[in-house]
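Secondary and tertiary structure notes
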Amino acid sequence: MLQVLIQPILTEKSLREASSGRYTFLVIRKCTKTNIKAAIESAFKVNVVGVNTAIIPGKSSRSRTGHTTTTPATKKAIVFLKSGQTLDVFTKVASSQKS
């Protein structure tokens, strides 16, 4: 299977949503929702109920000399787990931020 997951997105909003069973990941742009679901289920041994995806467009920036560069577009996936299941990656970060 192709590597689908790049990294979890650990922002304040994603950590807040993780408490309700919604986990956010940065994924490869060409993958589909079924690929993401299979990758999450095999990597973390959980049951995925649903997957939402969003393509984040790249942003352009200029240097002091006037040259413009553009960051590449990325794709993020918000994964809904079966109630009662959690991912350790998000719970460890959330508990360390509270203390």
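That block above? That's the structure.
Source: prediction; values computed, not measured. (Residues numbered from 1 in each chain as written. Predicted model: local features only at pLDDT ≥ 70, side-chain atom pairs only at ≥ 80, totals over all residues. Heavy atoms only, no water.)

Brief notes about the overall build of the protein
Our working rule: Helix and strand definitions here come from DSSP, where helices need a minimum of 4 consecutive H or I residues and strands a minimum of 2 consecutive E residues; each element is numbered from the N-terminal end. Burial classification: accessible surface area is computed with a 1.4 Å probe over protein chains only, and a residue below 20% of its type maximum counts as buried, one above 50% as exposed, and the rest as partly exposed. Per-residue accessibility takes into account occlusion by the displayed protein chains alone, with areas from the Shrake-Rupley method and a 1.4 Å probe.
Check the secondary structure of the protein and you find 3 helices and 6 strands. Secondary structure elements of the protein occur, N-terminal to C-terminal, as β-α-β-α-β-β-β-β-α. Considering the protein as a whole, with its 99 residues, one finds that 26% of them fall into the buried category. Summed over all atoms, the accessible surface of the protein reaches about 6,900 Å², with 53% contributed by carbon and sulfur.

Digging into unusual backbone geometry
Despite not being glycine, Lys 45 has its phi angle at roughly 55 degrees, a positive value. Checked against the element boundaries, Lys 45 lands in the loop between α2 (33–44) and β3 (48–56).

Thoughts on the sheet that holds β3
Defined as follows: Any two strands with at least two DSSP bridges between them are considered paired. Helix axes are fitted only over the stretch in contact, all axes being lines through C-alpha atoms; the angle between N-to-C directions runs from 0 to 180 degrees. Only heavy atoms matter for contacts: two residues are in contact if any of them lie within 4.5 Å across the pair.
With antiparallel pairing, the 4 strands of this open sheet are ordered in space as β1-β2-β6-β3. The strands lining the two open edges of the sheet, one partner per strand, are β1 (5–8) and β3. The sheet shows a mean angle of 30 degrees between the axes of neighbouring strands, direction not considered. Judged from the 3 bridges that link them, β1 and strand β2 (residues 22–27) form a sheet pairing that is antiparallel. Among the inter-strand pairings, Leu 5 is bridged to a residue of β2, identified as Val 27. α2 contacts β1, β2, β3 and β6 (74–81) of the sheet and is inclined by roughly 125 degrees relative to β3.

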